Every structure is written in structure tokens, then in C-alpha cells.
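# Coordinate inspection notes
One-letter residues, chain by chain:
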Amino acid sequence: MIDSLIRFLLGTLVEMVLTRTGRGLWGLVGLRPHDLISMFSGMIFWGAVFLFVYSKTHG
């Protein structure tokens, strides 16, 4: 019961934050890639944002 709830919450979080961000980025150039590519694109984007904010606050 708890395990399935955690999986559901993590899946929803990944879909909302990573995959939608990747779709939005690819949508800017008019493409609609597979969900896996959208998820990795979202991870790269948020990683770059994190590094930028980290460098500005600690640099």
C-alpha cells in the first residue's frame, strides 16, 4: 500500500516537473519527442538552472 503510493507520487512528480519541462523546451522548436527524451531534457535543464543558481550564490 505505502510502496504503491510512493511510486505514484514520484511518478507524478517526474511527469509534472521533468517531462513537461522537456516537452516545453522541445516545443519551442516545434518538435515532440518521446517521453524519455523529454524527461532527460528536463533533467538537463533543471541541472543547468541549479548550477547557475549555485554559482551565483556561492561565487
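Above: the structure in question.
Described in the following lines is the structure provided in the data block. Being a predicted model, the structure only gives us computed values, none of them experimental.

### A short note on the environment of D35
Tracing the sequence through the fold places D35 in helix α2 (residues 35-58). For the pair D35 and L18, spaced 17 residues apart in sequence, the C-alpha separation works out to 9.8 Å. Residues contacting D35, with those up to four places away along its chain left out, are T19 and R23. At a separation of 3.1 Å, a polar atom in the side chain of D35 contacts the side chain of R23.

### What about the side chain of T19?
Checked against the element boundaries, T19 lands in helix α1 (residues 2-27). If sequence neighbours within four positions are ignored, T19 has contacts with V14, D35, S38 and M39.

### What to know about the packing of aromatic side chains
Each aromatic ring pair is characterised by the separation of its centres together with the angle its planes make. In this structure the tally under the stated criterion is two aromatic pairs. With centroids separated by 5.0 Å and ring planes inclined at 75°, the aromatic side chains of F45 and W46 adopt a geometry described as edge-to-face. With 6.0 Å between their ring centres and 25° between their planes, F50 and Y54 make a pair best called stacked. A residue pair is termed a helical-turn pair when its members lie 3 or 4 positions apart in one helix, as F50 and Y54 do in helix α2 at four residues. A relative accessible area of 44% means that Y54 is categorised as partly exposed.

Each value, and the rule that gives it
Throughout, a residue's number is its position along its own chain's written sequence, starting from 1. For this predicted model, a pLDDT threshold of at least 70 governs which residues receive local features, and a threshold of 80 or more governs which side-chain atom pairs are given and counted, while totals over whole chains, interfaces and linings are taken from all residues. Values shown for side chains rest on all heavy atoms present in the structure; no hydrogens or waters enter the calculation. Only runs of H or I of at least four residues qualify as helices and only runs of E of at least two qualify as strands under DSSP, and these elements are numbered from the N terminus. Any two residues whose heavy atoms approach within 4.5 Å at even a single point are treated as in contact. Polar contact is defined as a pair of N or O atoms within 3.5 Å, subject to the rule that within protein one atom must be able to donate a hydrogen and the other to accept it, and that residues adjacent in sequence are counted only when both atoms are side-chain atoms. Each aromatic pair joins two rings of Phe, Tyr and Trp (for Trp, the six-membered one) with centres within 6.5 Å, and gets the label stacked for planes under 30 degrees apart, edge-to-face for over 60, and tilted for any other angle. We call a residue buried when its accessible area falls under 20% of the maximum for its residue type, exposed when it is over 50%, and partly exposed in between, using a 1.4 Å probe and counting protein chains only.

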